[in-house]
Amino acid sequence: MERPTIVLDSADRYNKLYGLPTAHPLVSVVDLNHATSGINHARVHYGMYALFLKQGVQCTLRYGRRKYDYQEGTVVSFAPGQIVDVDHDNATTAMDVVGVLFHPDLIYGTPLGKRIRDFAFFDYSQNEAVHLSEDERAVFLDCLDKIKRELDHPVDRHSASLLSATIQVLLEYMHRFYDRQFITRHKANSDVVAAFEKRLKEFFDNGTASEEGMPSVAYFADLAHLSAGYFGDLIKKETGRTPKELITQHLVDAAKQRLAASDEDIALIAYDMGFQYPAHFTRLFKRVTGVSPRSYREALDRSLLN
């Protein structure tokens, strides 16, 4: 059966789906325990930012062909443009889910509007959700309560800035919770780093670069079954460097080896490293090392002669 598509581009539209009241057109704190209606199986197209704390296990989400069942105490996040399939076996059964939704228009011109891209967890896939401790859940619920109290206040010229600032506090806590989760998953994350380094070496050693071109962060993230955003943050937390920086450094180190061990034409080395144009390789090499490939090779030759 084909799923209906629901476009969630306003707080009121979301609230009407679940029979909840709307206090503000651009933001809503929701508690699905109080829902009087719901949806069974639908494709949801988000036009808002959203954070949901799932305290029960009554529904599942699906991205593409992958299905995600969440543990109790999981927070999932959505950003405008994301599409998710929702499965709820019984739409008449209340779901123990609370959260907040806010429209991009709410934060334009505010400090949060300038920083929203810093909250990278909005771009994580749903299998990369954060799992909260009891204390963290209490913090999350306290932030929701503060947002709701502001929503209960009559709308005035301070409302947008206060709501935006209060939501930002919650997002800063989410940053902290994800940082904690990266630390507590250090062993698993170390395995991801080791696999990345192995695949990176193989990419340049087995000729894949010359066939497919320079590898992207998304290429290695896909091999790890992670989103590019989560993969990038994981690698940075574990190594102190971004995946792009590590890819570039490995490429330059491999090029140095080729330059030192042979008299091969620099253009050939560039092609083997995945560059369509040798000039691009030269620019990158010089940016990293401070000298061109030719100058690097000549300096090596001089040092050997001396």
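As shown above, the structure is provided for reference.
Residues numbered from 1 in each chain as written. Predicted model: local features only at pLDDT ≥ 70, side-chain atom pairs only at ≥ 80, totals over all residues. Heavy atoms only, no water.

Q: Go over the pairing of strand 9 (residues 97-102), please, and point to the residues and values.
A: The buried fraction of strand 9 is high, at six of six residues. Alternating residues of strand 9 divide into V97, G99 and L101 and V98, V100 and F102, and every residue in both groups is buried. Where strand 4 (residues 49-54) and strand 9 come together, six bridges link them in antiparallel fashion. Of the residues in strand 9, the one forming a bridge with L53 is V98. (Buried < 20%, exposed > 50% of the residue type's maximum accessible area, 1.4 Å probe, protein only. Helix = DSSP H or I, 4+ residues; strand = E, 2+ residues; numbered from the N terminus. Pairing = 2+ DSSP bridges.)

Q: I'd like a description of the layout of surface pockets, backed by residues and values.
A: Taken as a whole, the largest pocket encloses approximately 370 Å³ of empty space. P21, V29, V30, D31 and K148 are, among the 17 residues lining the largest pocket, the residues nearest its centre. Put simply, the parts of the chain that give the lining of the largest pocket at least two residues each are strand 2 (27-31) and helix 4 (134-152). It is helix 4 that contributes the most residues to the lining of the largest pocket, six residues altogether. Split by residue class, the lining of the largest pocket holds 10 nonpolar, three polar and four charged. The space that makes up the second largest pocket amounts to roughly 240 Å³. Surrounding the second largest pocket, 13 residues form its lining, Y49, A79, P80, I116 and R117 being those nearest its centre. Grouping the constituent residues of the lining of the second largest pocket by class yields 10 nonpolar, one polar and two charged. (1 Å grid on protein atoms, 1.4 Å probe; cavity = no way out; pocket = protein on both sides within 12 Å on 5 of 7 lines; lining within 4 Å. Points joined across faces, edges and corners; volume = space filled by probe spheres on them. Nonpolar A, V, L, I, M, F, W, Y, C, P; charged D, E, K, R; others polar.)

Q: Requested: an account of the packing of aromatic side chains, with residues and values cited.
A: By the definition in use, this model includes 22 aromatic pairs. Residues Y124 and Y230 carry aromatic rings whose centres are separated by 4.9 Å and whose planes lie at 80° to one another, so their mutual orientation is edge-to-face. Residue Y124 is located in the loop between helix 3 (111-115) and strand 10 (130-131), and its partner Y230 is located in helix 9 (residues 228-239); the two are separated by 106 residues in the primary sequence. Here Y124 and Y230 have matching classes, each one buried. On the numbers, 5.1 Å between centres and 85° between planes, the contact of Y219 with F220 is edge-to-face. Using a relative accessible area of 29% as the deciding quantity, one classes Y219 as partly exposed. The exposure class assigned to F220 is buried, which follows from its relative accessible area of 2%. Through a chain of ring-to-ring contacts, the aromatic side chains of Y49, F102, F119, F121, F122, Y124, Y178, F182 and Y230 assemble into a single cluster. (Phe/Tyr/Trp six-rings, centres within 6.5 Å; stacked < 30°, edge-to-face > 60°.)

Q: Give a description of unusual backbone geometry that names residues and reports values.
A: One non-glycine residue, H225, adopts positive backbone phi at about 60°. Relative to the helices and strands, H225 is located in the loop between helix 8 (217-223) and helix 9.

Q: Describe the packing of helix 4 against helix 5 (residues 159-184), naming the residues involved and giving the relevant values.
A: For the pair helix 4 and helix 5, the least separation of the axes is 9 Å and the interaxial angle reads 170°. Comparing the axis directions of helix 4 and helix 5 gives the class roughly antiparallel. On helix 5, the residues touching E136, V139, F140, C143, L144, K146, I147, E150 and L151 of helix 4 are S159, L162, L163, T166, I167, V169, L170, Y173, M174, F177 and R180. Residues belonging to the contact of helix 4 with helix 5 are distributed by class as follows: 14 nonpolar, two polar and four charged. (Axes fitted to C-alpha atoms, helices over the stretch in contact; angles between N-to-C directions. Parallel < 35°, antiparallel > 145°, perpendicular 65-115°, else oblique. Contact = heavy atoms within 4.5 Å.)

Q: Describe the pattern of salt bridges, naming the residues involved and giving the relevant values.
A: Per the stated rule, a full pass over the model turns up 15 salt bridges. Among the ionic pairs, D9 bridges to R13, the shortest N-O distance being 3.6 Å. Judged by relative accessible area, which is 34%, D9 ranks as partly exposed. With relative accessibility at 40%, the residue R13 sits in the partly exposed group. Two residues, D142 and K146, come together in a salt bridge whose shortest N-O distance is 2.6 Å. Of the two residues, D142 and K146 are both situated in helix 4; the distance of four residues between them amounts to about one turn of the helix. Residue D142 is classed as partly exposed on the basis of its relative accessible area, which comes to 37%. The network of salt bridges with shared partners includes R115, D118 and E172. (Salt bridge = Lys/Arg side-chain N within 4 Å of Asp/Glu carboxyl O.)

Q: Now, about the nonpolar core: what can you tell me, with residues and values included?
A: Ranked by size, the top nonpolar core spans 62 residues in total, and within it L51, F102, F122 and L171 carry the most contacts. The element contributing the most residues to this core is helix 5, with eight residues. Contacts of F122, omitting those with residues within four sequence positions, involve Y49, A50, L51, S77, F78, A79, Q82, F102, I116 and L171. (Core = buried A, V, L, I, M, F, W, Y, C linked by side-chain atoms within 4.5 Å.)

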